[in-house]
Amino acid sequence: MRPESNPGAVANDDAVWPPLFAIWLISLIATLGSLFFSEVMRLPPCVLCWYQRVFMYPLVVVSMVGLLWRDPGALRYAWPLAMGGFAVAVYHNLLYYHLIPESIAPCTTGVSCTSRQIEWLGFITIPFLSLVAFTLIVASLVVCQRLRGRDR
Amino acid sequence: MKIDKYVMGGAAVVLVAAFLIGANWYRSEETAQAEQTAVQGSDRLVRPHSPTLGLATAPVTLVEFLDPECEACGAMHPIVKQLMREFDGRLRLVVRYMPFHPNSAYAASLLEGAREQGKYWELMDVFFARQHEWAGHAAPRPELLAGYARDLALDMRQIGATGTSAETERRIKQDAEDGAALGVTRTPTFFVNGKPLPEIGYEPVRAAIEAALR
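Sequence order as written defines the numbering, with residues in each chain counted from 1. Chains and ligands are labelled sequentially in the order written, the chains with letters from A and the ligands with numbers from 1. This being a predicted model, a pLDDT of at least 70 is required before a residue's local features are given, and a value of 80 or more before pairs of side-chain atoms are given or counted; all residues contribute to the totals for chains, interfaces and linings. Hydrogen atoms and water are omitted, and side-chain values are computed over all heavy atoms in the structure.

J.: What exactly am I supposed to notice about the packing of helix H2 (residues 47-68) of chain A against helix H4 (residues 126-148) of chain A here?
T.: Residues and elements named next belong to chain A. Only the stretch in contact is used when a helix axis is fitted, and all axes are lines through C-alpha atoms; the angle between N-to-C directions ranges over 0 to 180 degrees. Only DSSP runs of H or I covering at least 4 residues are called helices, and only runs of E covering at least 2 are called strands; the numbering of each starts at the N terminus. Closest axis-to-axis distance for the H2/H4 pair is 12 Å, and the angle between their directions is 45 degrees. Considered as vectors, H2 and H4 are oriented oblique to each other. Like other packed secondary-structure pairs, H2 and H4 cross with a definite hand, here left-handed. Touching Gln 52, Phe 55, Met 56 and Leu 59 of H2 are Ser 130, Ala 133, Phe 134 and Ile 137, all from H4. As a working rule, the residues Ala, Val, Leu, Ile, Met, Phe, Trp, Tyr, Cys and Pro are called nonpolar, Asp, Glu, Lys and Arg charged, and the rest polar, with Gly in that last group. When its residues are assigned to classes, the contact of H2 with H4 shows six nonpolar, two polar and no charged. Any angle that falls under 35 degrees is termed roughly parallel, while one over 145 is termed roughly antiparallel, one within 65 to 115 roughly perpendicular, and all others oblique. Crossing handedness is read from the near helix: turned anticlockwise from the far helix by less than a right angle, it gives a left-handed crossing, and turned clockwise, a right-handed one. Any two residues whose heavy atoms approach within 4.5 Å at even a single point are treated as in contact.

In structure tokens, the structure reads:
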């Protein structure tokens, strides 16, 4: 329902602001972080990393516009981006940690999607960071949805 | 509410600033590390077989790891020549090969052949000037290279013999090995009196030479 036909929606939209802000912050950190890895540290992104970037980068813009215009419609655009990125991140991590065999990895040329370029504290890897980011974004979207009730 | 925009603006500024500061820090660490690597491998910087241009007594030695097939090397070539003129008598150029592309080593072998006939720099000029013809990554035409040498009236039989000799192969391999040991991962990579330059282009190289002269 549109805000003008539902006076209560305005209050709901305000309630959505903090979790939507969290989505913006997480996606912005992920965007800058991935650019740091590739542009500053010159670690070439593998194919699966690129697909995750494709889903992550627009989230910054979509959530930012939603926040600035107080437009909860941004959630509609954020959902498919977040779920798409989450799906690729899950797949990437399964490959990376050898939970599914590498022979079915789609990366044949360029950088292997399972080569470990970074391993901080023994468990923080780039695909892991991506999975954490998408998980937090999906969780924040769930919170947004709860706060808005069933009014989509 | 206005406060929202301040919160967002503040967060964006903080994150972008962190990115830029981090990038700056990382680059300076990287430069320091590259200098360290270059110091450790300083005996690999110039080999007796390396082609040189300029006076042997010049106070500044510019070592260039280049690849005849690399576009950035082609773009830097006229700049290097200009610098040689600007610092005439004070600058010596040493060429090392860093063959990163499929036909780089072949082009280098022809250059080595031309060198014996005293036409090394002339042939290099032509290779770089006509790079767009023979070095396109989608459709490379290495067969054109020998033609350029023929145009310079070079003895093709001698070029063929030198180009395919074990000594030429050894030199090109040695250059690539030295480059790897010195931390050369991109072409062109310049060393000014043994110090690797983090940036290429007219201004960075000129400034490094000026600094070495001081």
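J.: Sorry, what's going on with the packing of helix H4 (residues 120-129) of chain B against helix H6 (residues 143-151) of chain B here?
T.: Helices that pack against each other are described as a pair by the angle of their axes relative to one another and the distance between those axes. Residues and elements named next belong to chain B. It is at 10 Å that the axes of H4 and H6 come closest, and there the two elements cross at 135 degrees. Relative to H6, H4 is oriented oblique. Classified by chirality, the crossing of H6 by H4 is right-handed. For the pair H4 and H6, the contacting residues are Leu 123, Val 126 and Phe 127 in the first and Leu 145, Tyr 148 and Ala 149 in the second. Counted by class, the contact of H4 with H6 contains six nonpolar, no polar and no charged residues.

J.: I would appreciate a short explanation of the packing of aromatic side chains in the present structure.
T.: Pairs of aromatic rings are described using the distance from one ring centre to the other and the angle between the two planes. A pair of Phe, Tyr and Trp rings is counted when the ring centres sit within 6.5 Å of each other, with Trp represented by its six-membered ring. The angle between the planes then sorts it: under 30 degrees is stacked, over 60 is edge-to-face, the rest tilted. Summed over the entire model, instances satisfying the criterion amount to nine aromatic pairs over all chains. An aromatic cluster is present here, built from Phe 36 of chain A together with Phe 19, Trp 25 and Tyr 26 of chain B joined pairwise through their rings.

J.: Where do I start with the confidence of the model for chain A in this structure?
T.: Detailed reading of the predicted coordinates is not advisable wherever pLDDT is low. Residue and element names in this part refer to chain A. As a per-residue measure, pLDDT reflects the predictor's confidence and takes values from 0 up to 100. Across chain A, the average pLDDT comes to 82, with 79% of residues at 70 or higher. When pLDDT is averaged over each element of chain A, H2 comes out on top at 93 and helix H1 (residues 8-40) at the bottom at 85. Predicted confidence is poor over residues 1-11, with pLDDT under 50, and the contacts of this stretch with residues over four places away or in other chains come to seven contacts.

J.: Just to check I follow, could you spell out the side chain of Arg 92 of chain B for this structure?
T.: For Arg 92 of chain B, the location among the structural elements is in strand E3 (residues 91-97). The contact partners of Arg 92 of chain B, leaving out residues within four places of it in the chain, are Thr 52, Leu 53, Gly 54, Leu 55, Ala 56, Ala 58, Val 60, Thr 61 and Leu 62 of chain B.

J.: In this structure, what is going on with the sheet that holds E3 of chain B? I would like to understand it.
T.: Residue and element names in this part refer to chain B. One open sheet accounts for five strands, arranged E1-E3-E2-E4-E5; its pairing is mixed. The open sheet has two free edges, formed respectively by strand E1 (52-53) and strand E5 (195-196), since each of these has just one partner strand. Sheet analysis places strand E2 (residues 60-66) next to strand E4 (residues 189-192), joined by four bridges and oriented antiparallel. Each bridged residue has a counterpart across the sheet, and for Phe 65 the counterpart in E4 is Thr 189. Paired strands, in this sense, are two strands between which DSSP finds at least two bridges.

J.: Explain the pairing of E2 of chain B to me, please; I cannot follow it from the model alone.
T.: Each regular strand displays side chains that alternate between the two surfaces of the sheet. Residues and elements named next belong to chain B. Working definition: with a 1.4 Å probe on protein chains only, accessible area under 20% of the residue-type maximum means buried, over 50% means exposed, and in between means partly exposed. Of all the seven residues making up E2, seven are buried; the element is thus mostly covered by neighbouring parts of the structure. The two faces of E2 match: Val 60, Leu 62, Glu 64 and Leu 66 on one face and Thr 61, Val 63 and Phe 65 on the other face are all buried. By the criterion used throughout, a crossover qualifies as right-handed when its path from the first strand across the helix to the second strand runs clockwise, the strands pointing away from the viewer. With helix H2 (residues 71-86) bridging E2 and the parallel E3, this β-α-β connection has right-handed handedness.

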